[in-house]
Each structure stands twice: as structure tokens, then as C-alpha cells.
Amino acid sequence: MNAAERLAQKIETLSKMFTDAEPASLRTGYLADPSAGRPVLQGSTATALVPRWNEHSSGLLVPATVQPPAPIDLGAAYLTPDEIFGFELPADYAVRQLERLPVEGVIRFCAQVLNALALPGGSVEAIEAHFASQWLDEPVRSRVRNLLRDESRRLLVPQAFMLLARMALEVSPDTVPDDLSDGDIVRALFSLTQTMGRHPDAGPSVITDRPGTLGRELIANQHFHRSWSVPGVLARYARRWLQLPAEHHGEPGIVDLSQTYQDCTGARLEDLAAVAGYLWLRTTMGPFVIEPSELASLAMPAERVEAVLALITNDLPGMREAVRRGLPDKRTQWSFDPFQQWPVIRLPEARLLILDPRNLISRAFGWLPIWDIEFPPPGRTKPTGHRKTAARAKQTLRHCSEIYVSEVLHAITRDEGTTRRVYDDAELKAAYTAQSQRIADAAIDYPGTWIVIEVTTTQLRSEARTAVPGESQIQDIDKLVDELDQIDATITALRGDEAALTGAPAASDRRFLPLLVLPEGFPVNPITLTVIRERARNRGLFTRQDTDPVEIVDIEELEMIEALQEASGPSLLDILRSKQSGSLRNAAVRDHILHVLRVHPDAPARHGGLLDSALKPLINALPQPHLSSPAS
């Protein structure tokens, strides 16, 4: 028997001395509590891993040891140069480095990372690890890897890459002399994180009815980092831009958006979908620079491809001019309008660079094609009555957005057959006909509670979404509060005579939950939600005890709830009520669903057919394989 075997035998002997001599009655009858109130498993001194369970108001059971997330847990803190390199960098470091780097090289560097971060299903942790191994030397690399063990820390900040690209267009030369040493692009990047978000005047620290400096920054930050699924954007595009205008053709104010787009721009809407869809598809395969021969292989005439590119691309000199043309007093660390208007940059030799695929999807499939209708490309002769046509196109898209929300609400409540749950504005207006009566867009009848809904396509203006100092954000918030007045008036009407709408007497304990739906999104966070609720209260809205605090959702959050309903999950009312009693009561609804309820809904079933419609132009334009003729 060797030494290792003797040691193993001694351990086994000692173990039996401690365990086999224990009386059986003691082994099954005692309960020890050696650790500050945490129970142990019966018959042992092992602490129970899950001693208790708590039941949320939604009915979800979670371990009592699991701490509910707080709003601060939803954010991530980026690493600063002092943490990465061990020292701070001079304030002008980025500019001095960019002056010694060619502009195209900087743009490619930024695009490489932004495209990687936008890959569907990509792992941020894996991308950051790869970046560290590729661009950082020891001992910095190991220091960064250790810091990133904290899951709340981030190395790669999309805002910093966008800022670096914008600064390069301002100061980087087209070429660098051979006798000039190269600039340090990595430290130039990280030097920007040293000053991002720093303001000499932090503003008030107590949240009231105004956002303040910190609030402006949070609104801009959340708007920039807003999350949405590409399939969801494409599905809504098919319904709002293509199908609904055709279904409601002939109704007052409704125009054919596809035809209007072609009349105003000279490009076809389906061609925009095909070309932009192809460029985005290629980025999901890795390349972010597309060779001209690829687009030449599309099953589309070259002039139609070029008509689309004239709208969504700009060359480097043009991008330089657009960036430099921005008003200094309107420029903040969140100002990237040129990259959103022209998400594709033309490089020399007709190559096309996609800086950030998110901007490309928004430009072609979101609200932004309306911009092309309102402002046709230079040199394009505007159609007769252009201003009125553009206004009707915008109104058509707004109306179709409201119809789409109504469709989702009916799907959420499974409002079918003889069961009436959702009352649209037509039914509400028919029931409440008093002069000057303001009416919301919809009301949902749940047992004991009415959810009263107003839909608005109002969006933050450029100054508000980029945190320009001033009154723009509070003015935009006040526009939303104006919409709440219609909800409050409808609640008053329901409270006074519910039977006029339903034909049945109301229960005595009815409650009301105001819900504002913004299809184009809004940055909901503890600051904005508090400001909106305070400003509504100051106007005398929703002050009765039977009315819950107002909630705000976007269309993607409604579709998440629709998917949950398809899987027999909690209802819209259950989710909103559990949110108002949860730890993220002042955050967005999606945060409550993902981080408190801990569910990740799939897309609604009806998205399948809509995706087919949205992708049809792309599929038709893809190069077809050449089939050889059979041998004779």
C-alpha cells in the first residue's frame, strides 16, 4: 500500500468514526441552524439551497433567496482608460490620434465592431473577449479580462464607436504621409469613454416633474440603445406600409404608400426593401463591406438599384460635409443623424460599407421612409401638390399604426365570437356623444378593471432624443401628457355610465388602468415615468382612488404579451398589475417581463405570414442559381 492509498484509508476510517456512531434517531430527528437564520436539511448540517419560496402577485413562484432586480441592475458600466491602462488619457488624445489615422481605416474599425455587436444571437462576452485578444497587449489584456468577470461591466460601447466615426469624419485625413507615425486607434476609442456622460452641471438629484440634466442623458442613452427585433420590424413594415393601406384604399385621407413613395422619390418601395434587405442579410454573414459586383448580380435593373442607393448612401466627402454642417449648439455626444439618414457609406471603387446594421433596418423598414416622401432627393422634381401628398402619407402611416395596435389588442384579449372585450374608438364615440366629449382609442373590459388606451405616433424630436440642453424634452413629454387627457375623459365617462357602452350595469368596485401606447417607442425609465405621472397629476388627471398609475408601452412590448397569451401566459392586466407592485414598477414593461417574470416570449404566430410579405422583394431579387440544361 503506497502513501496515497494509506491516506485514503485513513480518511475513510475517520469518516466512519464520525457518521456510523451517530444514533439513527438523532440522524432523522434534529434540525440544526448554524448560519444566521438559514435552515438546513433535516438530518444533516447542510444548508438548504432553497429554504423558502415567495409568490409574486402574478402567481410566479421564485426562491426567497433570489433578490428582485432593481432599476440600477438593468444597466452596465463601461471600463474607463484608468481601469484599462492604469492611467487617464489627455482630454485631446482622441483628436491627436485621429489626425494621424486615415478616415476610411477608422470607419472600417468602427464598422467591424458595430456589425459584430448587431449579429443576431451574438454573444457580447465572446465579442469583447475576441476584441481584447486582437487589439490589447499584455498585461492590459489580462487586466481587462479580469475586470470583465463582473457581468455588469462592458468593454465595447456602441456610442463610443459612433463618436469615434463622427470625429474621424471631422478631423481624420483621407491619407497619411508615410513619414508620419500611425495614431493609436484603440486608445483613441477608450479615451472617449473618459468624458462621455460627464457634465459640469449635474442638475437636481430629486426626480420631480422635470427630467433635469441626468434625465436628459438617460432619455438619450435609452433611445440610442433601444432594443427591437428585426423580424418584428419587418412584420410591422409589411402590415403598416403594404397591407393596411391597400385594405383601406378609398377611405378618406388614405393614400397608397408604395405609389406615393415612388412618385416622390423615383424609387420603388419594394426596391428599397430588396436592396436594404440584401445589404443587411450580408452583414449577418460577416461582411460589412459589400463589393459592387454583388449588387450587380441582383435580379433588378441597375438603374433601380442605383435609385435606392441614392437615397440611403453617401460618400466620405458627403458624410464629412453632413457632420460638419451640424449646428454646434445642437450637437451632443448622442448626435448621429447623418449615420441614420445614410446608413451605408460609399467607399472608393464603389464599395459599400454598413456602419451599423440597426440604422439600416430602421432606415428602410421603420418610420424613416416617410422622410424620403417629405424631402425628395436633390434634383428630383416634386410631384404636383407635394406638400399635401406628404402630409396625407404621414397621416396614412399614423392611421395604419393605430389600426395595427388595435389588431394586437384584439389578439391579446382573444376577442372573438360573441365575447366582447375590446371596444375601439368607434364604439366609444357611439356610446358617449356629449358635446366636446374627448374619447380614447380603445378600452378593454377585464373583470373588475377597465384598461383605457390611447395610441399616439408622437416621437421625440432630434433635440430631445440627443439630450440637447433646453426645453425640448419637457415639451415632447407635455405632448404625451396632452394625450392622457383623452384617457382621463373616457374614464370619467365609463365611471358615470358604463352601461351606455356595454349594455350591462357596472360592478360597484370597478378600477381603471390608463395605458399609453407609443408604436414608435419611448424611453421609459424611473425618471421619465415619474415626470409624466407628476405632470399628469399636476393637471388633475388620474387623481381618483379607483385609478391606477399610468403605464406606457410600445408595440414590441404589446407583441411580447400577445406571444405570452398564445402560450397561455399571464394576461395584459396581470402583467401591468404585477409590474406596479414589483421591483421594476418604474421601468419599462419589457424589463418587468424579462427580468422579474423571467420569461422570454417568442414572436406572435401571425408574424410568420407578415415576414413572408416583407421579404418577398428580397427573395425575388436574390441571384438565382443557373440551371444547366439536360444533356440531349
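Residue numbers here run from 1 along each chain, matching the order of that chain's written sequence. Restriction of local features to residues with pLDDT of at least 70 applies here, the model being predicted, together with a cutoff of 80 or more for giving and counting side-chain atom pairs; totals for whole chains, interfaces and linings are based on all residues. Excluding hydrogens and water, the side-chain values take into account all heavy atoms of the structure.

### Notes on the overall build of the chain
Cut-off, in case you're wondering: Note on conventions: DSSP H or I runs of at least 4 residues are helices, E runs of at least 2 residues are strands, and numbering of each starts at the N terminus. Think of it in three bands: residues with accessible area under 20% of the maximum for their type are buried, residues over 50% are exposed, and the middle band is partly exposed, with areas taken using a 1.4 Å probe on protein chains only. Per-residue and other accessible areas follow the Shrake-Rupley method at a 1.4 Å probe size, with only the shown protein chains counted as cover for residues.
A tally of regular secondary structure across the chain gives 29 helices and 13 strands. Classification of the 632 residues of the chain by burial places 46% in the buried group. Element-wise, carbon and sulfur atoms account for 53% of the exposed surface of the chain, whose accessible area totals about 30,800 Å².

### Quick look at the packing of helix H8 (residues 158–171) against helix H9 (residues 185–192)
Here is the rule: Lines fitted to C-alpha atoms define the axes, with helix axes restricted to the stretch in contact, and inter-axis angles between N-to-C directions lie between 0 and 180 degrees. An angle below 35 degrees is treated as roughly parallel, one above 145 as roughly antiparallel, one from 65 to 115 as roughly perpendicular, and anything else as oblique. In this scheme the crossing of two helices becomes right-handed for a clockwise turn of the near helix relative to the far one and left-handed for an anticlockwise turn of less than a right angle. Pairs of residues are marked as contacts when any of their non-hydrogen atoms sit within 4.5 Å. For this classification, the nonpolar set comprises Ala, Val, Leu, Ile, Met, Phe, Trp, Tyr, Cys and Pro, the charged set comprises Asp, Glu, Lys and Arg, and every other residue, Gly included, is treated as polar.
The contact between H8 and H9 brings their axes to 9 Å, and the two run at 115 degrees. Here H9 runs roughly perpendicular to H8, going by the angle between their axes. You can see that H8 and H9 cross each other, and the crossing is right-handed. Touching Ala160, Phe161, Leu163, Leu164 and Met167 of H8 are Ile185, Ala188, Leu189 and Leu192, all from H9. Partitioning the contact of H8 with H9 into residue classes produces 9 nonpolar, no polar and no charged.

### Focus on the pattern of salt bridges
When the charged atoms of two side chains lie near each other, side chains of opposite charge can form a pair. Filter applied, for reference: Counted as salt bridges are all cases of a side-chain nitrogen of Lys or Arg within 4 Å of a carboxyl oxygen of Asp or Glu.
Following the criterion strictly, the structure yields 43 salt bridges and no others. The shortest N-O distance in the salt bridge between Glu291 and Arg351 comes to 3.0 Å. Residue Glu291 is found in the loop between strand E5 (289–290) and helix H14 (292–296), and its partner Arg351 is found in the loop between strand E7 (344–346) and strand E8 (352–354); the two are separated by 60 residues along the sequence. With a relative accessible area of 33%, Glu291 lands in the partly exposed category. Across the pair Arg510 and Glu498 runs a salt bridge whose closest N-O atoms are separated by 2.9 Å. With Arg510 in the loop between helix H24 (499–502) and strand E12 (511–517) and Glu498 in the loop between helix H23 (472–496) and H24, this pair connects stretches of sequence that are 12 residues apart.

### Concerning the pairing of E12
Rule in force here: Pairing between two strands requires that DSSP report at least two bridges joining them. When the strands point away from the viewer and the connection leading from the first strand across the helix to the second strand turns clockwise, the crossover is called right-handed.
Where burial is concerned, most of E12 is hidden: 6 out of the 7 residues are buried. Relative to strand E13 (residues 551–553), E12 runs parallel, the two sharing 3 bridges. Paired with Leu516 across the bridge in E13 is Ile552. After leaving E12, the chain enters helix H25 (residues 526–538) and then returns to the sheet as E13, a path that is right-handed.

### Section: the sheet that holds strand E6 (residues 313–315)
If you trace the 4 strands from one edge of the open sheet to the other, you get E5-E8-E7-E6, paired in mixed fashion. Edge positions in the sheet fall to E5 and E6, since each of these pairs with one other strand and no more. Of the pairings in the sheet, the one linking E6 to E7 comprises 3 bridges and is parallel in character. Residue pairing for E7: Thr313 is matched across the bridge by Val344. Packing against the sheet, helix H13 (residues 269–283) makes contact with E5, E7 and E8, and its axis sits at approximately 70 degrees to E8.

### Focus: the packing of aromatic side chains
What counts, and what does not: Paired rings are identified among Phe, Tyr and Trp, the last through its six-membered ring, by centres lying within 6.5 Å, and are further divided according to the angle between planes into stacked (under 30 degrees), edge-to-face (over 60) and tilted (the rest).
Inspection of the entire model under this criterion finds 12 aromatic pairs. Relative to Phe336, the ring of Phe224 lies with its centre 5.7 Å away and its plane at 55 degrees, an arrangement referred to as tilted. Of this pair, Phe224 sits in helix H10 (residues 212–224) while Phe336 sits in the loop between helix H16 (316–325) and helix H17 (337–341), and the two are 112 residues apart along the sequence. Residues Phe224 and Phe336 agree in their burial class; the two are buried. Between Tyr237 and Phe365, the aromatic rings sit 5.0 Å apart at their centres with planes inclined by 90 degrees, giving edge-to-face as the arrangement. Taken as a pair, Tyr237 in helix H11 (residues 230–247) and Phe365 in helix H18 (residues 357–365) lie far apart in primary sequence, 128 residues in all.

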